Amino acid sequence: MAINGKTTVVGILGNPVGHSRSPAMHNAAFAALDMNWVYVPLPVQPRHVEDAVKAVRALGMRGANVTVPHKQAVMPFLDTLTDAAQVIGAVNTIIVEPDGKLVGDNTDAAGFAADLKAHSVEVAGKQVFVFGAGGSARAVLYALGREGASGVTVYNRSVNRALELVNDLQKPFPSTRMRVCNDRTNLVNDAHHYSLIVNTTSLGMTPDIDSTPWDETVTMHAHQTAYDLVYNPARTRFLGYAESCGARTIGGIGMLVHQGALAFEKWTGVQPPIEVMQTALAS
Ligand code: NDP
């Protein structure tokens, strides 16, 4: 559809944003539904974050995604934050409400949960192991708490960051026992207890494709699922090893699609065409 005076604009605030696949994913969805909307990349320098957030409203945009490095920086300039954004401590989606209020949300956690559901992975009552304690780990722990995992064990290179993560996320989810594993030998001995093992570190990501968080002297089992948030490459070393052990494997592209689809639905009120979005990301 041609851009005209009635086109509704959404976009992504970040720095840089030139590499982002989100414009392709959302514009393919708008085209498939014949919607007069457009999604544009919006590079924002750190000193302009406040102006950029205000411009989302002033320019009549319906919302925006927020990416690195502004996910925390935008927060003071929003009118309200969802529970997910507050607990995770980061905003990846801004929604402009009809009265002009700016809502900060985080769809990474719900995107992760939606992708688990799409793969029929049940975490309620299950033990989960998480590598990493960065921004995406916060979203993953939020989702695991919401979905009722019985326990979550976190291993991270920087132990203090893992302790802080568990301390922050344990409070809202007292029924999920969260703990830090700061000794790899614990994992070696207990590895078979975990039904889901999640990599939220950047280990394995292009160009560092030979790295993996997993100790390959430890086997995985057929009853286990290995989930890698890394989506470039689609099949990481971590997933390759899990597959060679007979475990189930899931890559990060599905979470990426679902977090985008959730933002799309919040802006438009329209059910997103998930398959179209997935195809656009893959091409
Ligand atoms: P952060 O920078 O917030 O965190 C990075 C994490 O990786 C930290 O735990 C860090 O450990 C760890 N790490 C980095 N390098 C090493 C290393 N050499 N050895 C051991 N640990 C290391 O990043 P994010 O959490 O935002 O993103 C992490 C990954 O998840 C990225 O690959 C990103 O693309 C992917 N991602 C995927 C999403 C999806 O939708 N599929 C959504 C969001 C992220 P330490 O604390 O010790 O530095």
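Preceding this paragraph is the structure being described.
The structure displayed is predicted, hence computed values, not measured ones.

Colleague: Help me understand the overall build of the protein chain, please; the structure alone is not making it clear to me.
Modeller: Scanning the protein chain for helices and strands turns up ten helices and twelve strands. The C-alpha radius of gyration computed for the protein chain amounts to 19 Å, which stays within 12% of the reference 19 Å derived for 283 residues, consistent with globular compactness. Its C-alpha atoms give the protein chain principal-axis dimensions of roughly 60 × 35 × 30 Å. Partitioning the contacts of the protein chain with sequence separation of at least 6, the portion at a separation of at least 24 is 68%. If you sum the accessible surface of the protein chain, you get close to 13,000 Å²; carbon and sulfur atoms cover 52% of it.

Colleague: Sorry, what's going on with the pairing of strand E3 (residues 63–66) here?
Modeller: Walk down a regular strand and you will see the side chains alternate between the two sheet faces. The two faces of E3 match: Gly 63 and Asn 65 on one face and Ala 64 and Val 66 on the other face are all buried. The pairing of strand E1 (residues 8–14) with E3 spans four bridges and is parallel. The residue bridging Ile 12 from the neighbouring strand is Asn 65, located in E3.

Colleague: Mind showing me how you'd approach the site of the ligand here?
Modeller: In the vicinity of the ligand, 20 residues are found, and the nearest of them are Ser 136, Asn 156, Arg 157, Ser 158 and Arg 161. Here an oxygen atom of the ligand sits 2.7 Å away from a polar atom, N or O, in the side chain of Asn 156. Contact distances for the ligand include 2.9 Å between an oxygen atom and a side-chain N or O atom of Arg 157. For the ligand, whose free accessible area comes to 930 Å², the fraction covered by protein is 74%. Of all elements in the fold, only helix H5 (135–146) and helix H9 (253–268) reach the threshold of two or more residues within the shell around the ligand. Per-class residue counts for the shell around the ligand are eight nonpolar, ten polar and two charged.

Colleague: Help me out: how do you make sense of the sheet that holds strand E9 (residues 177–180) in this one?
Modeller: Strands in a sheet are paired, the pairing made by backbone hydrogen bonds, and the direction either parallel or antiparallel. On the basis of which strands lie adjacent, the open sheet formed by six strands has the order E9-E8-E7-E10-E11-E12 and parallel pairing. Looking at the sheet topology across the chains shown, the edges are occupied by E9 and strand E12 (248–250). Averaged over all neighbouring strand pairs, the angle between strand axes comes to 15°, with direction disregarded. Judged from the four bridges that link them, strand E10 (residues 196–199) and strand E11 (residues 225–228) form a sheet pairing that is parallel. Of the residues in E11, the one forming a bridge with Val 198 is Tyr 227. Taken strand by strand, helix H4 (residues 108–118) contacts E10, E11 and E12, and its axis lies near 140° from that of E11.

Colleague: Help me understand the nonpolar core, please; the structure alone is not making it clear to me.
Modeller: Nonpolar side chains in soluble globular proteins generally cluster together in the buried interior. Ranked by internal contacts, the top residues of the largest apolar core, which has 35 residues, are Phe 112, Val 130, Leu 144, Leu 196, Val 198 and Tyr 227. Mapped by element, the contributors of at least two residues to this core are helix H3 (83–88), H4, strand E7 (127–131), H5, strand E8 (151–155), helix H6 (159–170) and E10. Examining the composition of this core, we find that seven residues originate from one element, H5, more than from any other. Residues within four places of Val 198 in sequence aside, it is in contact with Phe 112, Val 128, Phe 129, Val 130, Phe 131, Val 140, Tyr 227 and Leu 229.

Colleague: What exactly am I supposed to notice about the sheet that holds E1 here?
Modeller: Here we have six strands laid out as an open sheet, ordered E2-E1-E3-E5-E6-E4, and mixed in their pairing. Edge positions in the open sheet fall to strand E2 (37–43) and strand E4 (80–81), since each of these has one partner strand only. The strands touched by H9 are E1, E2, E3, strand E5 (93–96) and strand E6 (102–105); relative to E5, the strand with the most contacts, the crossing angle is about 10°.

Colleague: What exactly am I supposed to notice about the pairing of E5 here?
Modeller: Of the two faces of E5, the one carrying Thr 93 and Ile 95 and the one carrying Ile 94 and Val 96 are both buried. As defined by bridge partners, E3 adjoins E5 across three bridges and the pair is classed as antiparallel. Each residue of the ladder has a partner; that of Gly 63, found in E5, is Ile 95. Here four bridges tie E5 to E6, and the two strands are oriented antiparallel to one another. Bridging from a neighbouring strand, Thr 93 pairs with Asp 105 of E6. Between the antiparallel neighbours E5 and E6 lie five residues, among them Gly 100 with a positive phi of about 90°.

Colleague: Would you explain helix H2 (residues 49–58) in this entry?
Modeller: Owing to its 3.6 residues per turn, the α-helix brings residues three or four apart onto one side. All of the buried residues in H2 are Val 49, Ala 52, Val 53 and Val 56. Buried residues in H2, looked at end-on, bunch into an arc of 100°, giving them a common side. Residues of H2 that are exposed and point more than 90 degrees away from the buried face comprise Asp 51 and Ala 58. Buried-residue contacts for H2 involve E1, E3, E5 and E6.

What counts and how
Residues numbered from 1 in each chain as written. Predicted model: local features only at pLDDT ≥ 70, side-chain atom pairs only at ≥ 80, totals over all residues. Heavy atoms only, no water. Helix = DSSP H or I, 4+ residues; strand = E, 2+ residues; numbered from the N terminus. Rg over C-alpha atoms; globule rule 2.2 N^0.38 Å. Contact = heavy atoms within 4.5 Å. Areas by Shrake-Rupley, 256 points an atom, 1.4 Å probe, with all protein chains shown as cover. Buried < 20%, exposed > 50% of the residue type's maximum accessible area, 1.4 Å probe, protein only. Pairing = 2+ DSSP bridges. Near = heavy atom within 4 Å. Polar contact = N/O pair within 3.5 Å; in protein donor to acceptor, adjacent residues only side chain to side chain. Nonpolar A, V, L, I, M, F, W, Y, C, P; charged D, E, K, R; others polar. Axes fitted to C-alpha atoms, helices over the stretch in contact; angles between N-to-C directions. Core = buried A, V, L, I, M, F, W, Y, C linked by side-chain atoms within 4.5 Å. Arc of directions from axis to C-beta.

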